[in-house]
Amino acid sequence: MGIGIFWVLMAAVMLGFYALPSKYVKNYAIENTWGVFWVLAMFVVPVISAFALVDGLIETYSQVSSSLFLLILGLSILWGIGNLLWGISISKIGMALGFSLLIGVGTLSGSLLPFFMGSADKIGTPGGMVILGGIFIIMIGIIANGKAGLLREKFENSEADKTNINPNKMRNGIILCVIGGICAAGFNLSYHVADNLGHIGQISQEQFGNQPWIARIAVMLPSFIGSGIATVIYFSNQLSKNNSWSNFKVADSSKNLVLLLVMAIVYCASLIIYGLGAYELGPLGTSVGFAIFQTGCIMVANLLGFFTGEWNKAGAQSKNWLFAGLTIMSIGIIAVAYGNAIV
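The shown structure was predicted, so the numbers you read here are calculated from the model rather than taken from an experiment.

Conventions and cut-offs
- Residues numbered from 1 in each chain as written.
- Predicted model: local features only at pLDDT ≥ 70, side-chain atom pairs only at ≥ 80, totals over all residues.
- Heavy atoms only, no water.
- Helix = DSSP H or I, 4+ residues; strand = E, 2+ residues; numbered from the N terminus.
- Rg over C-alpha atoms; globule rule 2.2 N^0.38 Å.
- Buried < 20%, exposed > 50% of the residue type's maximum accessible area, 1.4 Å probe, protein only.
- Contact = heavy atoms within 4.5 Å.
- Areas by Shrake-Rupley, 256 points an atom, 1.4 Å probe, with all protein chains shown as cover.
- Lys, Arg positive; Asp, Glu negative; His and termini not counted.
- Charge placed at Lys NZ, Arg CZ, Asp CG, Glu CD.
- Phe/Tyr/Trp six-rings, centres within 6.5 Å; stacked < 30°, edge-to-face > 60°.
- Lys NZ or Arg CZ within 6 Å of the ring centre and 35° of its normal.
- Core = buried A, V, L, I, M, F, W, Y, C linked by side-chain atoms within 4.5 Å.
- Salt bridge = Lys/Arg side-chain N within 4 Å of Asp/Glu carboxyl O.
- Disulfide = S-S within 2.5 Å.

Caption draft 1: Here's a closer look at the overall build of the protein chain. When helices and strands are tallied, the protein chain shows 14 helices and zero strands. Across the protein chain, helices and strands are ordered from the amino to the carboxyl terminus as α-α-α-α-α-α-α-α-α-α-α-α-α-α. The C-alpha radius of gyration computed for the protein chain amounts to 20 Å, which stays within 12% of the reference 20 Å derived for 343 residues, consistent with globular compactness. In terms of principal-axis extent, the alpha carbons of the protein chain reach across some 65 × 55 × 35 Å. By the burial criterion, 51% of the 343 residues in the protein chain qualify as buried. Put simply, 86% of the contacts in the protein chain that link residues at least 6 apart link residues at least 24 apart. Carbon and sulfur atoms provide 68% of the accessible area of the protein chain, an area that totals close to 15100 Å². A distance of 14 Å separates the average location of the 16 positive side-chain charges in the protein chain from that of its 13 negative side-chain charges.

Quick look at the structure:
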């Protein structure tokens, strides 16, 4: 179990850092940067990796029913839609509240729903109850983190900015973010269906001799493609709408593409490593692992922001809430890990 938690936490650290190269992308609009990133992360990197590394990939997929593949595709498209809705909603309600809402709703739905997709009998066990308790402790920590972000934004914004807040814009942003969080849980659910119900990983390992980490590539490839369909359609439309296709001709384009490729590789690797960690955690890996993974991501993102100066202008109260939230989330991770050990 310990190795599973290690892999999940490593994946969280990698996901927390993956977007760092985007700060050095120049002369690209948002749709250029993220449109290229999603093409690379959802299609180019995983497809090349799968066909280069996974033995018997097509033969493995041929043993999975088409109805199950359609379910995986549907859930992964929801994952892509969730990512898009989060991006739209933060422009309405701000990064702090948007990030906390998405992670909170995504953690709750993405961790609890797998319980009811093959492991419902374990909910009433002592281990299952401890896991559920740990998930709700994590939720309290995420709420505290959101409070810290809101206090930080309130402290940094001018009075003029605060008087321009539109209640309808805030309400619509919150609704979009909650829907986005539910949809984003499609990532974990599609993985759960592919591995625990479709047994893609088991087939890949037992019949074709692939190592567990390589088998996770086979498990996740359909999810990558489904999410990619949603995101690429959206950003292609944005590129046309904003006449941004010509930005790809700028002098910095070659360097930008290298930076975005690095981002895509780290992003894909983090999700594959998460899948390996969930596999190592056992039958409840997609519940336990996802709770730890999501929590680890928000902790890494906040610590990275803190040490890079994003919280320098924040007040003492917001910093206290930040560290309280991180402490509570750490306790929740310990509780979830302990529950998985005794389940």
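The rest of the description comes next.
Caption draft 2: Representation of the packing of aromatic side chains within the structure. The tally for this structure, following the rule as stated, stands at 18 aromatic pairs. On the basis of an interplanar angle of 50 degrees and a centroid distance of 5.7 Å, the ring pair of Phe 187 and Tyr 274 is categorised as tilted. Taken as a pair, Phe 187 in helix H9 (residues 186-197) and Tyr 274 in helix H12 (residues 253-280) lie far apart in primary sequence, 87 residues in all. Ring pairs connect the aromatic residues Trp 79, Phe 187, Tyr 191, Phe 224, Tyr 274, Phe 290 and Phe 293, which therefore count as one cluster. Above the ring of Tyr 279, the side-chain terminus of Arg 216 is found at 4.3 Å from the ring centroid.

Caption draft 3: Focus on the nonpolar core. The biggest cluster of nonpolar side chains holds 79 residues, and the ones touching the most others in it are Phe 37, Tyr 267, Tyr 274 and Phe 293. Looking at this core element by element, the count peaks at 11 residues for H12. Not counting the four nearest positions on each side in its chain, Tyr 267 is found in contact with Leu 15, Tyr 18, Phe 37, Trp 38, Ala 41, Met 42, Trp 79 and Asn 83.

Caption draft 4: Seen up close, the pattern of salt bridges. Tallied over the full model, the rule gives one salt bridge. In this structure, Asp 195 and Arg 216 form a salt bridge, with 2.8 Å as the shortest nitrogen-oxygen distance. Of this pair, Asp 195 sits in helix H9 while Arg 216 sits in helix H11 (residues 212-241), and the two are 21 residues apart along the sequence. Note on Arg 216: relative accessible area 0%, which makes it buried.

Caption draft 5: Molecular detail of the state of the cysteines. For the coordinates displayed, the defined rule picks out zero disulfides. Between Cys 297, a cysteine without a disulfide, and Cys 268, which holds the nearest cysteine sulfur, the sulfur-to-sulfur distance is 14 Å. By relative accessible area, which is 7% here, Cys 297 ends up buried.

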